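# Secondary and tertiary structure notes
Here are the chains, one letter per residue:
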Amino acid sequence: MTVLVLNGPNLNRLGKRDPTVYGSRTYDELAALCRHTGADHGLDVDVRQTNSEAVMIDWLHEAAEAGSPVVINAGAWTHTSIAIRDAAEMLTAPLIEVHISNVHQRQEFRHHSYLSDVATGVIVGLGFEGYVAALGFIASQLDSDPPG
């Protein structure tokens, strides 16, 4: 089973962008952690990042067509994009919304998510470990599904 780990704007700047909020680890370290965690759970993990909203929507459409689970950190689009929310709503497999920082301890505009109501679950404030938890949850859901 392939799980898409989709990351939105500015996440390619991890390690450089505000380390007091996002930590000092890089995007490449995050991608490697996700792939390693997936392998530990028998999952093929495809980690992607884009600063283009249209590309993110296309990836969500791809996941919807394939029936693929998704872990998404939509970054700022979480709080602004109805289009990404509508694309995410089409998913039939689990969707886990992840945020590295605790968005509820930050600016008021970050407290609202357009994705949370269509997500299977939401993980905030656990740093990179949020991705580990999301992938573990998806693996547990796939293991519990009856064959066929």
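Scroll up to find the structure this text is about.
Report on the accompanying structure. What you see is a predicted model, and the numbers here were worked out from it, not measured in a lab.

## Let's talk about unusual backbone geometry
- Backbone geometry at Asn10 places phi at a positive 75°, although glycine is not the residue there.
- For Asn10, the location among the structural elements is in the loop between strand 1 (2-7) and helix 1 (19-22).

## A look at the environment of Ala139
- The topology assignment puts Ala139 in helix 5 (residues 129-144).
- Considering only alpha carbons, one finds Ala139 and Pro69, 70 residues apart in sequence, at a separation of 9.7 Å.
- Each residue touching Ala139, except ones within four places of it in the same chain, is listed here: His41 and Leu43.

## Let's talk about the packing of helix 2 (residues 27-40) against helix 5
- Two elements in contact, helix 2 and helix 5, have axes whose closest approach is 10 Å; the angle formed by their N-to-C orientations is 25°. With respect to helix 5, the axis of helix 2 lies roughly parallel. The element helix 2 and its partner helix 5 pack so that their crossing is right-handed. For the pair formed by helix 2 and helix 5, the contact residues are Leu30, Leu33, Cys34, Thr37 and Gly38 on the first element and Tyr131, Val132 and Leu135 on the second.
- Its residues assigned to classes, the contact of helix 2 with helix 5 comprises six nonpolar, two polar and no charged.

Definitions and limits used
Residues numbered from 1 in each chain as written. Predicted model: local features only at pLDDT ≥ 70, side-chain atom pairs only at ≥ 80, totals over all residues. Heavy atoms only, no water. Helix = DSSP H or I, 4+ residues; strand = E, 2+ residues; numbered from the N terminus. Contact = heavy atoms within 4.5 Å. Axes fitted to C-alpha atoms, helices over the stretch in contact; angles between N-to-C directions. Parallel < 35°, antiparallel > 145°, perpendicular 65-115°, else oblique. Left-handed = near helix turned anticlockwise from the far one by under 90°. Nonpolar A, V, L, I, M, F, W, Y, C, P; charged D, E, K, R; others polar.

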